[in-house]
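# Descriptive analysis of the structure
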Amino acid sequence: MKFQINKKEFEEALDLTSNVVSKKSINPILQNILIVAKEGELEITATDLEVSLIINLGANVEIEGKITLMNSLLRDIIKAAQSENILLEKFDDGNIKVTAVGTSYEASIHSINPEEFPIINKDELENAPTFTIKGFTLKEMINKNIPFAAKDDVRYTFNSVYFEKDNLEFRTISSDTKRLALIKNFVDSDLSDFSLLVPIKSTKILKDMLGENEAQIKILNKKVGFIYENVSLISNQIEGKFPDYRAVVPKETQYNISVSTDLFMNLIKSLSPFLSGDIQKIVLAFEDGQLKAMTEETELGQGINTMPIEYSQDSIQIAFNYKFLLDIISVIEEEEINIKIWQPDKPAIFMG
């Protein structure tokens, strides 16, 4: 086996596969990637048996073949190479030589028998029902969901992003049981309605592989496929039912307030010196013409700051977790945030 490939494209592919390979698997083969060289291209595959990533790259293939290499080691070697192209050769003893073309840099790697690498069924993507959406749209949606999904693996139903197509609306929803993020986009698709629970690990990889062009979502049996240009992601779906998010979102609100996103962020961040450890509560007081933000008074003191707003209703106070507020503000791209409140002791809605 012998091929030459563009270093930058190879490095970017290995950056993607590094998010898939198991770091501490009892099966060493899962710390490796499979590289298949055939006429004019490489096919790079990584899997942890729940998530699989397949990347096709153009290459100058002199001798066809396949190898299995440790992803982290190969990635570090390619990053260290200071050249435009990489030459990779496999010898009869199984050793692999990596050369930075036009330089004196060389590295030798031991490979594993490629027949030990798990077989990934890519054919199931071919004829699966397909939902098409702009890559940048899907990327923006899940980027706003990821901070609000559960971080632990115990509540696996919440360690996910819920995809839902309902007539002409496509939604992504995530929650850690304390917060819920709901993002909506209108779509033009004849595909039947569907719902999917996609693991948070898969959505993070998906976010990194998406760009401006069309992306495809493939509806599979107990799995889901995502195709963007030369990259295919196959993921197990999470079994279980996502809670009824509609029951969580307040249907009526009594107080509807607009605030500047930048000023609101500065207001909240200004109180950070008084927040540490278990002390994370910020009280927002909506008063005539102003929003006052306060921390609780402790032995360290108390933080208080205000910003002007258009507000003339009754004065109300509502408390939030400081980090929760930062997460919310950071994913809202619009110049203003609409804050909708039913009662101070009930959930509030923040909308771009």
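Residues numbered from 1 in each chain as written. Predicted model: local features only at pLDDT ≥ 70, side-chain atom pairs only at ≥ 80, totals over all residues. Heavy atoms only, no water.

### Remarks on the overall build of the chain
Helix and strand counts for the chain come out as six helices and 24 strands. If one aligns the C-alpha atoms of the chain with their principal axes, the spans along those axes are about 80 × 50 × 35 Å. Residues counted as buried form 47% of the 352 residues belonging to the chain. Considering only residue pairs separated by 6 or more positions, the chain has 66% of its internal contacts joining residues 24 or more positions apart. (Helix = DSSP H or I, 4+ residues; strand = E, 2+ residues; numbered from the N terminus. Buried < 20%, exposed > 50% of the residue type's maximum accessible area, 1.4 Å probe, protein only. Contact = heavy atoms within 4.5 Å.)

### Re the sheet that holds strand 18 (residues 255–260)
Hydrogen bonds between backbone groups are what pair the strands of a sheet, and the pairing can be parallel or antiparallel. Pairing within the open sheet is antiparallel, and its three strands lie in the order 18-23-24. Of all the strands in the sheet, the pair left with one neighbour each is strand 18 and strand 24 (348–351). Strand-to-strand, the axes of this sheet are offset by a mean angle of 20°, without reference to chain direction. (Pairing = 2+ DSSP bridges. Axes fitted to C-alpha atoms, helices over the stretch in contact; angles between N-to-C directions.)

### A short note on the packing of helix 1 (residues 7–17) against helix 2 (residues 71–80)
Here helix 1 crosses helix 2 at 150°, and the two axes come no closer than 10 Å. Comparing their axes, helix 2 and helix 1 come out roughly antiparallel. Helix 2 is crossed by helix 1, and the crossing has left-handed handedness. Listed contacts from helix 2 to Lys-7, Phe-10, Glu-11, Leu-14, Asp-15 and Thr-17 of helix 1 are Asn-71, Leu-74, Arg-75, Ile-78 and Lys-79. (Parallel < 35°, antiparallel > 145°, perpendicular 65-115°, else oblique. Left-handed = near helix turned anticlockwise from the far one by under 90°.)

### Notes on the packing of helix 3 (residues 135–145) against helix 4 (residues 200–209)
Relative to each other, helix 3 and helix 4 sit at 140°, their axes nearing to 9 Å. Considering the angle they form, helix 3 stands oblique to helix 4. Seen along the crossing, helix 3 lies across helix 4 with a hand that is left-handed. Facing Leu-138, Lys-139, Ile-142 and Asn-143 of helix 3, the residues of helix 4 in contact are Thr-203, Leu-206, Lys-207 and Asp-208. Split by residue class, the contact of helix 3 with helix 4 holds three nonpolar, two polar and three charged. (Nonpolar A, V, L, I, M, F, W, Y, C, P; charged D, E, K, R; others polar.)

### Remarks on helix 1
Among all positions of helix 1, only Lys-7, Phe-10, Glu-11, Ala-13, Leu-14, Leu-16 and Thr-17 are buried. Between the side-chain oxygen of the N-cap and the backbone nitrogen of Lys-8 there are 3.0 Å, and the N-cap of helix 1 in question is Asn-6. (Polar contact = N/O pair within 3.5 Å; in protein donor to acceptor, adjacent residues only side chain to side chain.)

### Regarding the pairing of strand 11 (residues 160–166)
If a strand is regular, its side chains alternate between the two faces of the sheet. Of all seven residues in strand 11, six are buried, a share of seventy percent or more. For strand 11 and strand 12 (residues 169–175), the ladder comprises five bridges, and the chain directions are antiparallel. Bridge pairing in strand 12 links Glu-164 to Arg-171. Count of turn residues in the strand 11/strand 12 antiparallel hairpin: two residues, of which Asn-167 carries a positive phi of about 55°.

### As for the confidence of the model for the chain
Here the chain averages 94 in pLDDT, while 99% of its residues score no lower than 70. Between the elements of the chain, mean pLDDT differs from a low of 94, seen in strand 9 (residues 106–110), to a high of 98, seen in strand 16 (residues 223–228). (pLDDT = per-residue confidence, 0-100.)

### Brief notes about unusual backbone geometry
You will see that Asn-167, though not glycine, has its phi angle at about 55°, which is positive. One can find Asn-167 in the loop between strand 11 and strand 12. A residue is classified by how much of its surface remains accessible, and Asn-167, at 53% relative accessible area, is exposed. Positive phi, close to 80°, is recorded for Thr-177, a residue that is not glycine. Within the secondary structure, Thr-177 sits in the loop between strand 12 and strand 13 (180–186). On the basis of relative accessibility, which here comes to 45%, the residue Thr-177 falls in the partly exposed class.

### Here we look at the packing of aromatic side chains
Tallying each qualifying case throughout the model produces 10 aromatic pairs. Site record: aromatic cluster; members linked through ring pairs are Phe-131, Phe-163, Phe-170, Phe-194 and Phe-226. (Phe/Tyr/Trp six-rings, centres within 6.5 Å; stacked < 30°, edge-to-face > 60°.)

### Focus: the pairing of strand 20 (residues 290–295)
For strand 19 (residues 281–287) and strand 20, the ladder comprises six bridges, and the chain directions are antiparallel. Residue pairing across strands places Leu-284 opposite Ala-293, the latter belonging to strand 20. The turn linking strand 19 back onto strand 20 is made up of two residues, and Gly-289 within it adopts a positive phi angle of 80°. Two strands pair when backbone bridges link them, and strand 20 and strand 21 (residues 304–308) are joined in this way by five bridges, in the antiparallel orientation.

### Here's the deal with a negative patch on the surface
Residues Asp-262, Glu-310, Glu-335 and Glu-336 make up a contiguous surface patch of negative charge. With respect to the helices and strands, the residue Glu-310 is situated in the loop between strand 21 and strand 22 (316–321). Since its relative accessible area comes to 77%, Glu-310 is described here as exposed. (Patch = residues over 30% accessible without salt bridge, like charges linked within 9 Å, V, L, I, M, F, W, Y side chains within 5 Å. Areas by Shrake-Rupley, 256 points an atom, 1.4 Å probe, with all protein chains shown as cover. Salt bridge = Lys/Arg side-chain N within 4 Å of Asp/Glu carboxyl O. Lys, Arg positive; Asp, Glu negative; His and termini not counted. Charge placed at Lys NZ, Arg CZ, Asp CG, Glu CD.)

### A word on the environment of Glu-336
On the secondary structure map, Glu-336 appears in strand 23 (residues 336–341). When the C-alpha atoms of Glu-336 and Ser-260 are compared, they prove to be 4.6 Å apart, with 76 residues separating the residues in sequence. Not counting residues up to four positions away in its chain, the partners in contact with Glu-336 are Ser-258, Val-259, Thr-261, Met-351 and Gly-352.

### Let's talk about the sheet that holds strand 1 (residues 2–6)
One open sheet accounts for five strands, arranged 5-1-7-8-9; its pairing is antiparallel. One side of each edge strand has no neighbouring strand; the edge strands of this open sheet are strand 5 (60–63) and strand 9. On average, each strand axis in the sheet is inclined to that of its neighbour by 20°, with strand direction left out of account. With respect to the sheet, helix 1 is in contact with strand 1 and strand 7 (85–90), its orientation differing from that of strand 1 by roughly 90°.

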